[in-house]
Amino acid sequence: MRQLIGAWRLLHTFVHVLHGTWVAWREFGAASEATRCAHIQWWSAKLLRVLGVQLRPMGRFEAGPQLVVANHISWLDIAAIHAVCPQARFVSKSDVKEWPLLGWLIGSAGTLFIERASKRDALRVVHQMAAALQGGDTVAVFPEGTTGTGHALLPFHANLLQAVLPGATPVQPVVLRYAEPGHPVSPAVAFVGDTTLVGSIWSVVCARGMSVEVEVLPRQPSEGLDRRAVSQLVSDQIAAKLVR
């Protein structure tokens with residue numbers, strides 16, 4: 001039965017991705033920022049529903065430019081955050097661009113792509129982030145640099161947090177938690193080790209009763225701090241919320 005449900009969800013997801021691609025191609029070029037955000041929020045929230053994942057938002061995002069910093073567990077993280085903060089422009093590794101359809105769709109949402117192994121490219125993206133923040137945008141990053149299991153926080157890489165310092169942009173910590181019945185930390189959503197994207201998607205669509213909490217923590221000022229101090233402050237906040 002789980003495999004039948006999984007196959008149905010997978011088919012429905014494929015149709016939803018095609019629909020999102022068509023909408024982005026047809027409307028995003030001339031659309032206002034409010035219209036784009038409305039489409040992004042609708043598409044992301046529906047993707048979670050199609051996959052059988054219940055969204056549980058906690059707290060609210062404040063208005064204005066901010067750097068959203070979250071723990072990283074799954075390829076679903078972007079959709080989970082976009083469902084409650086559609087204005088966020090994510091920084092994502094360049095490999096995502098190669099994902100069929102999804103890569104183009106993620107890019108159309110204003111994503112900034114980075115070559116993780118290149119220090120020069122990291123500097124380029126930091127400058128882009130700083131310009132976006134100073135222009136009033138919301139930018140989102142996963143400073144762990146890779147996905148974890150969701151049980152604990154991996155060490156932060158502070159280099160991308162440098163982008164908040166020129167304008168003393170506030171930092172918005174966000175905690176993501178995936179759960180299933182009987183599992184406070186969902187094993188189905190884990191995207192670690194040798195798990196492939198296809199294998200992870202199949203695991204998610206076959207799961208029952210999965211939910212994702214998106215908890216918005218108190219926003220933190222960055223004025224007067226260096227990037228390592230900002231990193232420590234925010235990582236301590238997020239790590240404390242993952243321990244239950």
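Use the structure listed above.
Everything numeric in this text was worked out from a predicted model, so none of it was measured.

Conventions used here
Sequence order as written defines residue numbering, which begins from 1 separately in each chain. In keeping with the model being predicted, local features are shown solely for residues with a pLDDT of at least 70 and side-chain atom pairs are shown and tallied solely at 80 or more, while totals for entire chains, interfaces and linings include all residues. Side-chain numbers here rest on the full set of heavy atoms in the structure, without hydrogens or water. Here a strand is any run of E in DSSP of at least two residues, a helix any run of H or I of at least four, and the numbering for each starts at the N terminus. A 1.4 Å probe rolled over the protein chains alone gives each residue an accessible area, and that area as a share of the maximum for its type sets the label: buried under 20%, exposed over 50%, partly exposed in between. As used in this structure description, the phrase polar contact means that two N or O atoms lie within 3.5 Å; if the pair is within protein, one of them must be able to donate a hydrogen and the other to accept it, and residues adjacent in sequence are counted only when both atoms belong to side chains. Contacts were defined at the residue level, with two residues in contact if any of their heavy atoms lie within 4.5 Å. By definition here, a helix of n residues has an expected span of 1.5 Å times n minus one. Note on pairing: two strands pair once DSSP finds at least 2 bridges between them. Structural elements are reduced to axes, namely lines fitted to C-alpha atoms, with helices fitted over the stretch in contact, and the angle between N-to-C directions of any two is expressed from 0 to 180 degrees. Salt bridges, as used here, are contacts in which a Lys or Arg side-chain nitrogen is within 4 Å of a carboxyl oxygen on Asp or Glu. Note on ring pairs: Phe, Tyr and Trp rings are taken, using the six-membered ring of Trp, and paired if centres are within 6.5 Å. Classes follow the plane angle, with under 30 degrees stacked, over 60 edge-to-face and the rest tilted. If an angle is under 35 degrees, it is roughly parallel; if it is over 145, roughly antiparallel; if it lies from 65 to 115, roughly perpendicular; otherwise it is oblique. Ten residue types, Ala, Val, Leu, Ile, Met, Phe, Trp, Tyr, Cys and Pro, are classed as nonpolar, four, Asp, Glu, Lys and Arg, as charged, and the remainder, Gly among them, as polar.

J.: Give me the lowdown on the side chain of glutamate 144, citing residues and values where you can.
T.: Mapped onto the fold, glutamate 144 is located in the loop between strand S5 (138-141) and strand S6 (171-179). On the accessibility criterion, glutamate 144 (3% relative accessible area) is buried. Polar contacts involving the side chain of glutamate 144 include one to the main-chain amide nitrogen of leucine 154, which spans 2.8 Å. Glutamate 144 has contacts with Ala70, Asn71, His72, Ala152, Leu153, Leu154, Pro155, Phe156 and His157, leaving out every residue within four places of it along the chain.

J.: Lay out helix H7 (residues 227-242) with the relevant residues and their values.
T.: Its 16 residues place the ends of H7 22 Å apart at the C-alpha level, agreeing with the 22 Å of an ideal helix rising 1.5 Å per residue. The inward-facing, buried residues of H7 contact strand S2 (66-70) and S6.

J.: Tell me about the sheet that holds strand S7 (residues 210-216), and name the residues and values.
T.: The strands making up a sheet associate through hydrogen bonds between their backbones, and the pairing can be parallel or antiparallel. Read from one edge of the open sheet, 7 strands run S1-S7-S6-S2-S5-S3-S4, paired in mixed fashion. The two strands at the open ends of the sheet, each matched to only one other strand, are strand S1 (53-58) and strand S4 (112-114). Looking at each pair of strands side by side, their axes are set apart by 25° on average, direction ignored. As judged from the 6 bridges shared by S6 and S7, these two strands associate in the antiparallel manner. Looking at the pairing, valine 174 lines up with valine 216 of S7.

J.: Residue-level account of the pattern of salt bridges, with values.
T.: A full pass over the atoms with the stated rule returns 6 salt bridges. Where arginine 219 meets glutamate 62, a salt bridge forms, and the shortest distance between an N and an O atom there is 3.4 Å. Of this pair, arginine 219 sits in the loop between S7 and H7 while glutamate 62 sits in the loop between S1 and S2; the two residues are 157 residues apart in sequence, bridging distant segments of the chain. A relative accessible area of 23% places arginine 219 in the partly exposed class. In this structure, glutamate 215 and arginine 177 form a salt bridge, with 2.5 Å as the shortest nitrogen-oxygen distance.

J.: Kindly report on the packing of aromatic side chains, identifying the contributing residues and their values.
T.: Summed over the entire model, instances satisfying the criterion amount to 1 aromatic pair. Ring plane angle 25° and centroid distance 5.6 Å describe the contact between phenylalanine 90 and phenylalanine 142, whose orientation is recorded as stacked. With a gap of 52 residues between them, phenylalanine 90 in strand S3 (residues 88-93) and phenylalanine 142 in the loop between S5 and S6 connect regions that are remote in the sequence. Given a relative accessible area of 4%, phenylalanine 142 falls into the buried group.

J.: Report on the environment of arginine 89, specifying residues and quantitative values.
T.: Within the secondary structure layout, arginine 89 lies in strand S3. With 97 residues separating them along the chain, arginine 89 and serine 186 place their C-alpha atoms 26 Å apart. The residues touching arginine 89, leaving out its near neighbours within four places in the chain, are Gly110, Leu112, Ala132, Asp137, Thr138, Val139 and Ala140.

J.: Quick rundown of helix H1 (residues 2-27)? Include the residues and the values.
T.: Each α-helix turn comprises 3.6 residues. Residues three or four places apart therefore point the same way. With 26 residues, H1 should reach 38 Å at 1.5 Å per residue; the first-to-last C-alpha distance of 37 Å fits that figure. All buried positions along H1 are accounted for by Gly6, Arg9, Thr13, His16, Val17, Gly20, Thr21, Val23 and Ala24. Buried residues in H1 make contact with helix H2 (33-50), helix H4 (102-108) and helix H6 (197-206).

J.: Go over the packing of H1 against H2 with me, naming the residues and quoting the values.
T.: Contact geometry of H1 with H2 gives a least axis separation of 10 Å together with a crossing angle of 175°. If you check the angle between H1 and H2, you find them roughly antiparallel. Here Arg9, His12, Thr13, His16, Val17, His19, Gly20, Val23 and Glu27 of H1 lie close against H2, whose contacting residues are His39, Trp42, Trp43, Lys46, Leu47 and Val50. In terms of residue class, the contact of H1 with H2 is made up of 6 nonpolar, 6 polar and 3 charged.

In short, geometric facts, not functional conclusions.
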